[in-house]
Amino acid sequence: MLNVMTAEQVAKTLKNKEELFILDVRNESDFQNWKIEGENVELLNIPYFDLIDGVEQALSQIPVGKKLLVVCAKEGSSKFVAEQIVEAGRENVHYLHGGMKAWSEHLEQVIVYEDQQVKVYQFIRVGKGCLSYMVLSGKEALVVDPSRFTDLYQKVAQNEGVTIKHIVDSHLHADHISGGNVLADATGASYYLMKSEGAVFDFKALEDHEHIQFELVDMQVLAVKTPGHTPGSVSFLVNDKLLFSGDTIFVGGLGRPDLGGKVREWAEDLYETVYDKVSQMADDVIVLPAHYANLDDELNQEGYIGAALGDIREKNELMRNKNKSDFIDSVAASAHSETPPNFEEIVAINRGVEEATPDRQQELEIGPNRCAVHHFA
Amino acid sequence: MKSNRIVDAKGLACPMPIVKTNKAINELQTGEILEVHATDKGSRNDMAAWVKTTGNEMVQEQEENGVFKFWIKKGSH
């Protein structure tokens, strides 16, 4: 019998580090560009068009008894191949419901933090390595870096009995389409981003707000000038306990310039951020970034992507006792020219300069997240 | 461009465009041209990769009003 696996079930499998054998039947270049990866995932790529006349060559490479997931772009070809594998007598055979498209769009909701004043959810977009957050307090909520799947945040707010009042973007995203504007329209919430990012729709400029306060939350806006990444990005410190670090600090290290080509200038700003602002923060502040590169390495014991600032400092020599010129040299040496797929069009959409149908948005976002690759230890 | 046979795979989702193309090309002689019409966006990359692994040749391809057209010359295998 042929079984189906949803993107949510695949995400759970990866988080629990369960064993899975994946037969990816997309063409080789799509596979090389972007695939499902995990510590106990074994991958085999044979394009479906090599299996039209029979699956024998695949069968000889698929271990008997292991859980098998057949994956393709949308679903059709994986079913086509998986059915033949079942007919050949294999068991424990699954196909991915909705294919890599569904994988790209799945958000995994996990709890990060809860005390008397505030509760925080993280939404892990496992297929792309993007993170968004909801900060709840009393009857109100604030959303950080929302994805375009805005229904989910509204559903969570409804279940929790809160109203979304504020939405913030830490920077102008280049790898995915922001849900900020759509979510603000749907909820009536205020949408904040940096004026310097060049958006053309109505928003509140973060330059004019040093704090965003609601119920028992005080969110401090820390401007971090990063001209190498995007013209302006910010981090948010909530109740002196939680640092939503955007693309500035990751669990695996510091952010790096990828789109600007002004590496040394950016590195100088980053130095000031790390040594003047972040160095003043306590070791037990929890860092919650906008991206991650490797789920297995960055998912912590509590099941979310994040780490204590002290631990990140501990592992990252660059954040301790470096002088400015050594710091800049180290950052510049790690410069990288790979950019996220379609980033120019995505940036234009996030600025409100261009519009795109949902189909086009989905197409633009397909693929790996190259912002997340860009940290260095 | 002249073709010996046309496969209409418009409106069909993956894997059908390639399945039909594969079947049709098996019935052609070496050097003959198969023309394929498809609307599935994935068929562009897939068709190019399929042609390579099967030893056929993509002679021409174009897009017209959302329809992808391919002209494939059967190789000698």
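Residues numbered from 1 in each chain as written. Chains lettered and ligands numbered in written order. Predicted model: local features only at pLDDT ≥ 70, side-chain atom pairs only at ≥ 80, totals over all residues. Heavy atoms only, no water.

A. Looking closely at the overall build of chain B. Across its full length, chain B carries 2 helices and 4 strands. Listing the helices and strands of chain B from first to last along the sequence gives β-α-β-α-β-β. In terms of overall dimensions, chain B has a C-alpha envelope of 30 × 25 × 15 Å along the principal axes. Residues counted as buried form 44% of the 77 residues belonging to chain B. The contacts in chain B between residues at least 6 apart in sequence include a share of 63% that link residues at least 24 apart. Total accessible area on chain B stands at roughly 4100 Å², and carbon and sulfur atoms take up 47% of it. Across chain B, 11 positive and 10 negative side-chain charges occur, with their mean positions spaced 2 Å apart. (Helix = DSSP H or I, 4+ residues; strand = E, 2+ residues; numbered from the N terminus. Buried < 20%, exposed > 50% of the residue type's maximum accessible area, 1.4 Å probe, protein only. Contact = heavy atoms within 4.5 Å. Areas by Shrake-Rupley, 256 points an atom, 1.4 Å probe, with all protein chains shown as cover. Lys, Arg positive; Asp, Glu negative; His and termini not counted. Charge placed at Lys NZ, Arg CZ, Asp CG, Glu CD.)

B. Quick look at the interface of chain A and chain B. With 12 residues of chain A at the contact, the number on the chain B side is 12 residues. Carbon and sulfur atoms make up 55% of the area that chain A and chain B hide from each other, which totals about 1100 Å². When the buried surface of chain A facing chain B is broken down by residue, Tyr 48, Phe 49 and Ile 52 of chain A rank first, second and third, together holding 43% of it. Counting every contact that joins chain A to chain B gives 2 salt bridges. Of the charged contacts, one joins Lys 41 of chain B and Glu 363 of chain A as a salt bridge, the two residues approaching to 2.9 Å between their closest N and O atoms. Connecting chain A to chain B are 5 residue pairs in polar contact (both at pLDDT 80 or more). Considering every element that reaches the side of chain A that touches chain B, the biggest residue donor is helix H4 (residues 76-87) of chain A, with 3 residues. Taken together, the residues that form the side of chain A that touches chain B break down as 4 nonpolar, 3 polar and 5 charged. (Buried area = accessible area lost by both parts, 1.4 Å probe. Salt bridge = Lys/Arg side-chain N within 4 Å of Asp/Glu carboxyl O. Polar contact = N/O pair within 3.5 Å; in protein donor to acceptor, adjacent residues only side chain to side chain. Nonpolar A, V, L, I, M, F, W, Y, C, P; charged D, E, K, R; others polar.)

C. Summary view of the nonpolar core. By size, the foremost hydrophobic cluster in this structure holds 73 residues, and its most contacted members are Ile 36, Trp 103, Val 120, Ile 124, Met 219, Phe 236 and Phe 244 of chain A. Top contributing element to this core by residue count: helix H8 (residues 263-277) of chain A, with 7 residues. Looking at which domains feed residues into this core, each of domain 1 (2-102) and domain 2 (107-343) of chain A gives three or more. Residues within four places of Val 120 of chain A in sequence aside, it is in contact with Val 110, Ile 111, Val 112, Tyr 113, Tyr 133, Met 134, Val 135, Leu 242 and Phe 244 of chain A. Core analysis: the next-biggest nonpolar cluster, separate from the first, contains 39 residues, Ile 52 and Val 81 of chain A together with Leu 28 and Ile 72 of chain B among them. (Core = buried A, V, L, I, M, F, W, Y, C linked by side-chain atoms within 4.5 Å. Domains from an automatic or database assignment.)

D. Just unusual backbone geometry, in detail. Omega for the peptide link from Cys 14 of chain B to Pro 15 of chain B comes to 10°, which places this bond in the cis form. Summarising the element assignment, Pro 15 of chain B is placed in the loop between strand E1 (5-9) and helix H1 (16-26). Notably, Glu 75 of chain A is not glycine yet its phi reads approximately 145°, a positive angle. Assignment of secondary structure puts Glu 75 of chain A in the loop between strand E4 (68-71) and H4. Looking at Glu 75 of chain A, the relative accessible area reads 18%, which means it is buried. In the Ramachandran plot, Glu 215 of chain A falls in the positive-phi region, its phi being about 40° despite a non-glycine side chain. Topologically, Glu 215 of chain A is positioned in the loop between strand E13 (211-214) and strand E14 (217-224).

E. Seen up close, the domain arrangement of chain A. Residues and elements named next belong to chain A. What the domain assignment reports for chain A is domain 1 (2-102) and domain 2 (107-343). Here the C-alpha centre of domain 2 lies 34 Å away from the C-alpha centre of domain 1. Across the contact, 9 residues belong to domain 1 and 8 residues belong to domain 2. Both faces combined, the contact of domain 1 with domain 2 buries some 700 Å², and carbon together with sulfur accounts for 51% of it. In terms of surface lost to domain 2, no three residues of domain 1 exceed Ala 11, Leu 14 and Lys 15, which account for 57% of the buried area on that side. Applying the counting criterion to the domain 1 and domain 2 interface returns 3 salt bridges. Here Glu 108 makes a salt bridge to Lys 15, at a shortest N to O gap of 3.5 Å. At the junction of domain 1 with domain 2, the criterion picks out 4 residue pairs in polar contact (both at pLDDT 80 or more). Considered class by class, the residues forming the side of domain 1 that touches domain 2 number 3 nonpolar, 1 polar and 5 charged.

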